[in-house]
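These are the residues of each chain, in order.
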Amino acid sequence: MPELPEVETIRRQLEPLIVGKTISSIEVFLKKSFIGETKDLIGKKIIRIERKGKILQLNFERPGLSASKGRALKRQIGLYIHLRMSGQLLFSNQPQKVSPFEARKHKHLRITIHFTNQSQLHFIDQRTFGFITTNPNVIPQGIDALDPALTIDKLSTILKSTGRPIKQILLDQNLIAGIGNIYAGEILWEAKIDPAVKGDSLLQGRTLIQAIRKILFEAIKHGGSTMNDQLYRHVRGEAGGYQ
């Protein structure tokens, strides 16, 4: 399952490839994989790609301002991508339109976003738990695990708020966003903290923050982790190199 390092790797790879591009059409091959109205995105220009936790966010150029009212004419629309268990984003420069018939040749292709320069972004998802949506409510409430605002004091407040085991706290996206089962285990191993220790009794807050940053930055440096199932891939199809 892609966690923070994998999603951040994809964000960094996509940024030079699709920022500045304008969406010309969107093909949805599995209805549940896209939540929202594709027509709202046609003609939208991507100006920035952000990430919070495991969610990618594509930001579009803002609409013009009303001269009389001094406010946006339309509500701002973003596009939010959650890869979940097996989602992949693959970029192609090939000027070809993927028809529904041709899409069936790749049985896990769920969505293709076409740009005006004829490049495409393909969303492939074997297990079909991932999705793309225009609903910003999918953004996790917790602080991002690599946010500089996750200080000793902030972590202490989070830990004191619950008596759950520390590993459960790390996995709770409404408390700390971006860490999944794989990296939670590595972080706790690095910090020499028992996963069963209750959060409100943990004394090694500084050690835990250092371990979070060390493990996640190291994983990003190597492009994330591709497990034996080979489901995580870079935007050009390569595997992650973190072990």
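Up top you'll find the structure we're talking about.
Quick summary incoming for the structure in this document. (Residues numbered from 1 in each chain as written. Predicted model: local features only at pLDDT ≥ 70, side-chain atom pairs only at ≥ 80, totals over all residues. Heavy atoms only, no water.)

### Concerning helix α6 (residues 205-221)
Then comes step 1: Between the first and last C-alpha of α6 there are 24 Å, a value that for 17 residues agrees with the 24 Å anticipated at 1.5 Å per step.
Then comes step 2: Here α6 has its buried residues at Gly-205, Leu-208, Ile-209, Ala-211, Ile-212, Ile-215, Leu-216, Ala-219 and Ile-220. Projected down its long axis, α6 shows its buried positions confined to an angular sector of 160°, all on one face. In α6, those exposed residues whose orientation departs by more than 90 degrees from the buried face are Arg-206 and Lys-221.
Then comes step 3: Packing partners of the buried residues in α6 comprise α1 (4-18), α3 (152-160), α4 (166-171) and α5 (181-191).
Then comes step 4: Among the residues trailing α6, Gly-223 stands out with phi positive, at a value near 80°. (Helix = DSSP H or I, 4+ residues; strand = E, 2+ residues; numbered from the N terminus. Expected span 1.5 Å × (residues − 1). Buried < 20%, exposed > 50% of the residue type's maximum accessible area, 1.4 Å probe, protein only. Arc of directions from axis to C-beta. Contact = heavy atoms within 4.5 Å.)

### Some thoughts on the sheet that holds strand β9 (residues 131-133)
Then comes step 1: Here we have five strands laid out as an open sheet, ordered β2-β9-β5-β4-β3, and mixed in their pairing. Edge positions in the open sheet fall to β2 (34-35) and β3 (46-52), since each of these has one partner strand only.
Then comes step 2: Strands β3 and β4 (55-60) of the sheet are contacted by α1, whose axis makes an angle of about 175° with β3. (Pairing = 2+ DSSP bridges. Axes fitted to C-alpha atoms, helices over the stretch in contact; angles between N-to-C directions.)

### Section: the packing of α1 against α6
Helices that pack against each other are described as a pair by the angle of their axes relative to one another and the distance between those axes.
Then comes step 1: For the pair α1 and α6, interaxial distance at closest approach is 9 Å and the crossing angle is 40°. Taken together, α1 and α6 sit at an angle that is classed as oblique. Relative to α6, the crossing made by α1 is right-handed. Here α1 contributes Leu-4, Pro-5, Glu-8, Thr-9 and Arg-12 to the contact with α6, which in turn contributes Leu-216, Ala-219 and Ile-220. (Parallel < 35°, antiparallel > 145°, perpendicular 65-115°, else oblique. Left-handed = near helix turned anticlockwise from the far one by under 90°.)

### Quick look at the environment of Thr-207
Then comes step 1: Secondary-structure assignment places Thr-207 in helix α6.
Then comes step 2: Under the relative-accessibility criterion, Thr-207 is labelled partly exposed at 34%.
Then comes step 3: Between the C-alpha atom of Thr-207 and that of Ile-152, which follows or precedes it by 55 residues, the distance is 9.6 Å.

### Quick look at the sheet that holds strand β1 (residues 23-28)
Then comes step 1: Taking strand neighbours across the sheet as the criterion, the four strands line up as β1-β7-β8-β6 in an open arrangement whose pairing is antiparallel. One side of each edge strand has no neighbouring strand; the edge strands of this open sheet are β1 and β6 (87-92). The sheet shows a mean angle of 15° between the axes of neighbouring strands, taken without regard to direction.
Then comes step 2: Here strand β7 (residues 109-115) runs beside strand β8 (residues 120-125); their pairing, made up of five bridges, is antiparallel. The partner of Ile-113 across the bridge, within β8, is Leu-121.
Then comes step 3: In the packing of α1 onto the sheet, contacts are made with β6, β7 and β8, and the angle to β6 comes to roughly 30°.

### With respect to α5
Then comes step 1: Three or more residues of α5 are buried, namely Tyr-183, Ala-184, Ile-187, Leu-188 and Ala-191. The buried residues of α5 occupy an angular sector of 135° when projected down its axis, which confines them to one face. Turned more than 90 degrees away from the buried face of α5 sit Asn-181 and Trp-189, all of them exposed.
Then comes step 2: Of the surrounding elements, those touching the buried residues of α5 are α1, α4 and α6.
Then comes step 3: Directly after α5, the chain includes Lys-192, whose backbone phi takes a positive value near 55°.

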